[in-house]
Amino acid sequence: MTSSLPAAAHPTGPSPLHRALELAAQGLWLTSPNPRVGCVITAADGTVLGEGHTQRAGGPHAEIMALRDAAARGHSVQGATAWVTLEPCAHQGRTGPCCDALAAAGIGRVVSAMTDTNPKVAGQGMARLAAAGVQTETLPPQSDIAVQARELNIGFFSRMERGLPWVRMKMAASLDGQTALQNGQSQWITSAPARTDGHAWRARACAILTGIGTVLEDDPLLNVRGVDSPRQPHLVVVDSRLDMPLSAKLLDTQGTGDQARQIWIYTAATSENLDKRAALTARGVTVIDCPGPGGKVDLAAMLRDLARREINELHVEAGHKLNGSFIREGLVDEFLVYLAPQLLGPGQGLANLPALTELSGAVQLAFHAVDRVGPDLRLLLRKSPQCQA
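Just so you know, these numbers come straight off a predicted model, no measurement behind them. (Residues numbered from 1 in each chain as written. Predicted model: local features only at pLDDT ≥ 70, side-chain atom pairs only at ≥ 80, totals over all residues. Heavy atoms only, no water.)

(A) Examining the nonpolar core more closely. In this structure, Ile-41, Ile-107 and Val-110 are the most contacted members of the largest nonpolar core, which totals 37 residues. If we skip the residues at most four places from it in the chain, Ile-41 touches Thr-47, Val-48, Leu-49, Gly-50, Ala-66, Leu-67, Val-77, Ala-80, Thr-81, Ala-82 and Ile-107. (Core = buried A, V, L, I, M, F, W, Y, C linked by side-chain atoms within 4.5 Å. Buried < 20%, exposed > 50% of the residue type's maximum accessible area, 1.4 Å probe, protein only. Contact = heavy atoms within 4.5 Å.)

The following block contains the structure:
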């Protein structure tokens, strides 16, 4: 059954689904690789009985948290309505099926912002609830709440529907498009607020990707700093010849425990540098053979492999050469660009792209969001709708 709008709202606050979206957003840096989901349970008069959002992978989902919250408040949920930002799961994964838990708790109605396109769910959650006598409703995909719920989990849906992570390329540049001076100096073109904001975008990603050129030139950590993130995104390095120095700082950022950071190096040197491969493996690094034409890493095949490793959002911070390769192959879904209000003159550009002879050959993008961050501009751009048609 499909409903165009939620049928009830909390009398003194946002509608239950809007509140569920707020809760889901609290899991932005937490739930990877699971989707960010919120749940609100209300009585017939709109009173909130319980609410919650999905926890770390392996932990309880939003529906379970909301049921626990209702129980902690001393509320019965018999005949109540559960408002969820994503269809309750119907499969046994790291946790049990949420649809069964809702039905067993006596929930009388479930309203979902959207259908889960995970093949293991894909309508089965709502179908099992209906079979258990629970009234079910799903908003149309064009509704504002459904659009927001999808945006919050854009990487998860990319992986489920395309078998690819959502690739977000972050770049910081002067107003004339320079990411560094000709001598390579780049620290710092953008302001401290912009850099902190960039770390927040790192935190929401499942993995951060860079190229070996950046490692050799800058020796970066490429982890999340300056924001209170409960987890460190995994790290991906494109290293065609396996030139990774064993002294690289990023090799010391793995951490320990169930939230340890994985480091994956993709290489085309399948039969070379065996000693280096063994040394990296001994450091806990996973070296993955992914050869492509010209002795380079096959970037498209790498993205498919990362999806199999449950990477939803891939945050790319690389140099202009690797940026150019991703763009030329059409592998970038979204550009996150910080522009500083300064002019640098000749330097290193955003991406190494071939010279055009006609404007029609330009990569066509559309502004998705434009915001001020400190003195800088933050631009979020995606492929132009004309290009996607």
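There is more to say after this.
(B) Geometry of helix α7 (residues 192-204). Here α7 is 13 residues long and its end C-alpha atoms lie 19 Å apart, about the 18 Å a rise of 1.5 Å per residue gives. All of the buried residues in α7 are Ala-194, Asp-197, Gly-198, His-199, Ala-200, Trp-201, Arg-202, Ala-203 and Arg-204. (Helix = DSSP H or I, 4+ residues; strand = E, 2+ residues; numbered from the N terminus. Expected span 1.5 Å × (residues − 1).)

(C) How the structure looks around the pairing of strand β4 (residues 109-112). Residues of β4 alternate between two faces, with Arg-109 and Val-111 on one and Val-110 and Ser-112 on the opposite face, all of them buried. Pairing analysis gives four bridges linking strand β3 (residues 81-84) to β4, with the strands arranged parallel. Its bridge partner being in β4, Thr-81 is matched across the sheet by Arg-109. Sheet topology note: the β4/strand β5 (residues 135-138) ladder contains four bridges and is parallel. Opposite Val-111, over in β5, you have Glu-137 as the bridge partner. Tracing the backbone out of β4, into helix α4 (residues 124-131) and back to the parallel element β5 gives a crossover that is right-handed. (Pairing = 2+ DSSP bridges. Right-handed = clockwise from strand over helix to strand, strands pointing away.)

(D) Here's a closer look at the pairing of strand β13 (residues 334-340). Judged by how many residues are buried, β13 sits mostly within the fold: seven of seven residues are covered. Side-chain alternation along β13 places Glu-334, Leu-336, Tyr-338 and Ala-340 on one buried face and Phe-335, Val-337 and Leu-339 on a second face that is also buried. Pairing between strand β6 (residues 166-174) and β13: seven bridges, direction parallel. Each bridged residue has a counterpart across the sheet, and for Ser-174 the counterpart in β13 is Ala-340. Here six bridges tie β13 to strand β16 (residues 376-383), and the two strands are oriented antiparallel to one another. Bridging across to β16, Val-337 finds its partner in Leu-379.

(E) Representation of the packing of helix α3 (residues 98-105) against α4 in the model. Contact geometry for α3 and α4: axes closest at 9 Å, N-to-C directions at 25°. The orientation of α3 with respect to α4, classified from their angle, is roughly parallel. At the point where α3 passes α4, the crossing takes the right-handed sense. From α3, Cys-99, Asp-100, Leu-102 and Ala-103 reach across to α4, where they touch Gly-125, Arg-128 and Leu-129. (Axes fitted to C-alpha atoms, helices over the stretch in contact; angles between N-to-C directions. Parallel < 35°, antiparallel > 145°, perpendicular 65-115°, else oblique. Left-handed = near helix turned anticlockwise from the far one by under 90°.)

(F) Summary view of the sheet that holds strand β11 (residues 286-289). Pairing in this open sheet of nine strands is mixed, and the strands run β11-β10-β9-β8-β12-β6-β13-β16-β15 from one edge to the other. Since the sheet does not close on itself, it has two edges, and those belong to β11 and β15 (365-373), each with one partner. Taking each pair of neighbouring strands and ignoring which way they run, the sheet shows an average axis angle of 25°. Along the sheet, helix α6 (residues 154-162) contacts β6, β12 (313-316) and β16; its crossing angle with β6, the most-contacted strand, is approximately 135°.

(G) The arrangement of the sheet that holds strand β1 (residues 38-42) in detail. Within the open sheet, the five strands sit side by side as β2-β1-β3-β4-β5. Their pairing is mixed. Both edges of this open sheet fall to β2 (48-53) and β5, since each of them pairs with a single strand only. Each strand of the sheet is rotated relative to its neighbour by a mean of 15°, with strand direction disregarded. Sheet analysis places β1 next to β3, joined by four bridges and oriented antiparallel. Residue pairing in the sheet places Thr-42 in a bridge with Thr-81 of β3.

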